[in-house]
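# Tertiary structure, described
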Amino acid sequence: GAVVSQHPSWVICKSGTSVKIECRSLDFQATTMFWYRQFPKQSLMLMATSNEGSKATYEQGVEKDKFLINHASLTLSTLTVTSAHPEDSSFYICSARDRVHEKLFFGSGTQLSVL
Amino acid sequence: AQTVTQSQPEMSVQEAETVTLSCTYDTSESDYYLFWYKQPPSRQMILVIRQEAYKQQNATENRFSVNFQKAAKSFSLKISDSQLGDAAMYFCAYNNYGGSQGNLIFGKGTKLSVKP
């Protein structure tokens, strides 16, 4: 079945540094990918919609300059948390749309801890 | 705006018994899709079941079935013959396009515990 690979699965970084998270569709082309954020014991909240070859669409309240999204190919979207601070610590999950089979697949998530 | 409400933060069931998780939603759309996702401790999101609003027949996947009441905007999940591996967070979700377009709108989740 279709698989979405998300890396890294966890990362610890110092405050002020940048962290890049990759979301890759392994056996299908994903023109659209979604980035979610999940705080402990809470639900998934959409951060942005990533479209191949165009600018991402950010949800209200999400800083586009802090959370940089690049969807340069049909199989890869990246989320870069710039100048990370402790309040950015969270679980980040991507999902990718398989247009051919009309399905949505989730990555395994990335736990970001900013010290 | 569409909203999804799960009123049960936690539920508990005895192994082999049946449990029902509740979900209500609000939308002005007539055609949409509803989902139940399971998130075990690994935090991988796993699709449990999907329901198209235009279908009157309730979806079923092995031990999992839904009670879809469109007029009442209710979408409950029934788990029969509960197993220890069913213990997880369960999220109800809504989408206008079948899950392949647009984003999913999630409820706050229900934590299900299964007692041996």
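All of these numbers come straight from a predicted model, not from anything done at the bench.

Before going further, it helps to spend a moment on the overall build of chain A. Helix and strand counts for chain A come out as zero helices and eleven strands. When the helices and strands of chain A are read in sequence order from the N terminus, they spell out β-β-β-β-β-β-β-β-β-β-β. For chain A, the C-alpha atoms occupy an extent of roughly 40 × 25 × 20 Å along the three principal directions. Per-residue burial for chain A yields a buried fraction of 50% across its 115 residues. Of all intrachain contacts in chain A linking residues separated by at least 6 positions in sequence, the fraction that spans at least 24 positions is 53%. On chain A, roughly 5800 Å² of surface is accessible, and the fraction owed to carbon and sulfur atoms is 53%. Computing the positive centroid from 11 side-chain charges and the negative centroid from 10, chain A places the two 2 Å apart.

Across the boundary between the two partners, chain A contributes 18 residues, which contact 17 residues of chain B. Carbon and sulfur atoms supply 53% of the area buried between chain A and chain B, which totals about 1500 Å² over both sides. In terms of surface lost to chain B, no three residues of chain A exceed A:S43, A:E102 and A:F106, which account for 31% of the buried area on that side. Counting across the interface, chain A meets chain B through zero salt bridges. At the boundary of chain A with chain B, the tally comes to six residue pairs in polar contact (both at pLDDT 80 or more).

Our next topic: the state of the cysteines. For the structure on display, the rule yields two disulfides over all chains. With a sulfur-sulfur separation of 2.0 Å, A:C23 is cross-linked through a disulfide to A:C94. Between A:C23 and A:C94 the sulfur-sulfur dihedral comes to about 80°; the bridge is accordingly right-handed. Of this pair, A:C23 sits in strand β3 (residues 19-25) while A:C94 sits in strand β9 (residues 90-98); the two residues are 71 residues apart in sequence, bridging distant segments of the chain. Per residue, the accessibility class of A:C23 equals that of A:C94, and both read buried. A sulfur-sulfur distance of 2.0 Å marks the disulfide that ties B:C23 to B:C92. Looking along the S-S bond of the B:C23-B:C92 disulfide, the torsion reads about -70°, which is the left-handed sense. With B:C23 in the loop between β3 (19-21) and β4 (24-26) and B:C92 in strand β10 (residues 88-95), this residue pair connects regions lying 69 residues apart in the sequence. With relative accessibility at 1%, the residue B:C23 sits in the buried group. Cysteine A:C13 remains unbridged, with the sulfur of A:C94 as its closest cysteine sulfur at 18 Å. For A:C13, a relative accessible area of 9% puts it in the buried group.

Turning our attention to the packing of aromatic side chains. The geometry of an aromatic ring pair is captured by two quantities: the separation of the ring centres and the angle between the planes. Considering all chains together, one arrives at 14 aromatic pairs over all chains under this definition. Ring geometry for A:F28 and A:F105: centres 5.6 Å apart, planes at 45°, overall tilted. Of this pair, A:F28 sits in the loop between β3 and β4 (32-38) while A:F105 sits in strand β10 (residues 103-106), and the two are 77 residues apart along the sequence. As far as the burial class goes, A:F28 and A:F105 line up, both buried. Judged by centre distance (5.3 Å) and plane angle (80°), the rings of A:F106 and B:Y37 are edge-to-face.

About the cut-offs
- Residues numbered from 1 in each chain as written.
- Chains lettered and ligands numbered in written order.
- Predicted model: local features only at pLDDT ≥ 70, side-chain atom pairs only at ≥ 80, totals over all residues.
- Heavy atoms only, no water.
- Helix = DSSP H or I, 4+ residues; strand = E, 2+ residues; numbered from the N terminus.
- Buried < 20%, exposed > 50% of the residue type's maximum accessible area, 1.4 Å probe, protein only.
- Contact = heavy atoms within 4.5 Å.
- Areas by Shrake-Rupley, 256 points an atom, 1.4 Å probe, with all protein chains shown as cover.
- Lys, Arg positive; Asp, Glu negative; His and termini not counted.
- Charge placed at Lys NZ, Arg CZ, Asp CG, Glu CD.
- Buried area = accessible area lost by both parts, 1.4 Å probe.
- Salt bridge = Lys/Arg side-chain N within 4 Å of Asp/Glu carboxyl O.
- Polar contact = N/O pair within 3.5 Å; in protein donor to acceptor, adjacent residues only side chain to side chain.
- Disulfide = S-S within 2.5 Å.
- Phe/Tyr/Trp six-rings, centres within 6.5 Å; stacked < 30°, edge-to-face > 60°.

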